[in-house]
Amino acid sequence: DIEKIIHDCDEEMYSNKLFKKPIVSQSAIESILKLLYDKHPEEEKIVEKVIKLAHRIGKHLNFSVVRLEKLEKAAKLSRVGMITDTRHTPEECEYLPEDAYRIVKAIPTLQDVASILIGVCEHYDGGGHPNGYKKEMISTDSQIIGLSLYLVLHGYQNLLGDELKAVLNDKS
């Protein structure tokens, strides 16, 4: 009967959505990263270090596997703002995560990652941007990505313990 056919079609469509969504998301991530690495090959090592450090912090905080995967996606996409080539001075480069947010937000399957990226430039004292959020208003995930980026970009890994130094130097 027609109701059974409609029901079966709905189920199949829902099932396809569930299984194809990660494929679309992964394909979008790979395309964006290819653009980034083609324009700025040096970014690949930076991104690798940010991913490792963010993952290690998330693991230390006992994040679930799903949350760690989302954190890693955000870390992986944290530098895609470099694609725009509109930032040149160190002051302007502070806004790169906002550019990354705009790029990633355009992909419907990555909305949760975009929400992490928008908070990366916020400062705990409220002096950050774009919203001037402070303290608990900034997601833990955004704080982790922001800290990881800062440590990698400014070479402060020397202030870290041996375990984190090993992560940043590809020894773990």
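Here goes a summary of the coordinates provided. (Residues numbered from 1 in each chain as written. Predicted model: local features only at pLDDT ≥ 70, side-chain atom pairs only at ≥ 80, totals over all residues. Heavy atoms only, no water.)

**Quick look at helix 2 (residues 43–60)**
Item 1. Its 18 residues give helix 2 an end-to-end C-alpha distance of 26 Å, which sits within 8% of 26 Å, the value for a rise of 1.5 Å per residue.
Item 2. Among the residues making up helix 2, those that are buried are Glu-43, Ile-46, Val-47, Val-50, Ile-51, Leu-53, Ala-54, Ile-57 and Gly-58. (Helix = DSSP H or I, 4+ residues; strand = E, 2+ residues; numbered from the N terminus. Expected span 1.5 Å × (residues − 1). Buried < 20%, exposed > 50% of the residue type's maximum accessible area, 1.4 Å probe, protein only.)

**A closer look at the environment of Gly-58**
Item 1. Relative to the helices and strands, Gly-58 resides in helix 2.
Item 2. According to the relative accessible area criterion, Gly-58 is buried, its value standing at 0%.
Item 3. It is 6.3 Å that separates the C-alpha atoms of Gly-58 and Leu-68, two residues lying 10 residues apart in sequence.
Item 4. When sequence neighbours within four positions are dropped, the list of residues in contact with Gly-58 reads Phe-63, Leu-68 and Leu-71. (Contact = heavy atoms within 4.5 Å.)

**So, the packing of aromatic side chains**
Item 1. Applying the stated criterion across every chain, the model contains 0 aromatic pairs.
Item 2. Above the plane of the ring of Phe-63 lies Arg-67, whose end atom (NZ or CZ) is 3.8 Å from the centre. (Phe/Tyr/Trp six-rings, centres within 6.5 Å; stacked < 30°, edge-to-face > 60°. Lys NZ or Arg CZ within 6 Å of the ring centre and 35° of its normal.)

**Describing the side chain of Ser-148**
Item 1. The residue Ser-148 is located in helix 7 (residues 140–153) in this model.
Item 2. Take Ser-148: its relative accessible area is 0%, and that puts it in the buried class.
Item 3. The contacts of Ser-148, once residues within four sequence positions are left out, are Val-50, Leu-53, Ala-54 and Ile-57.

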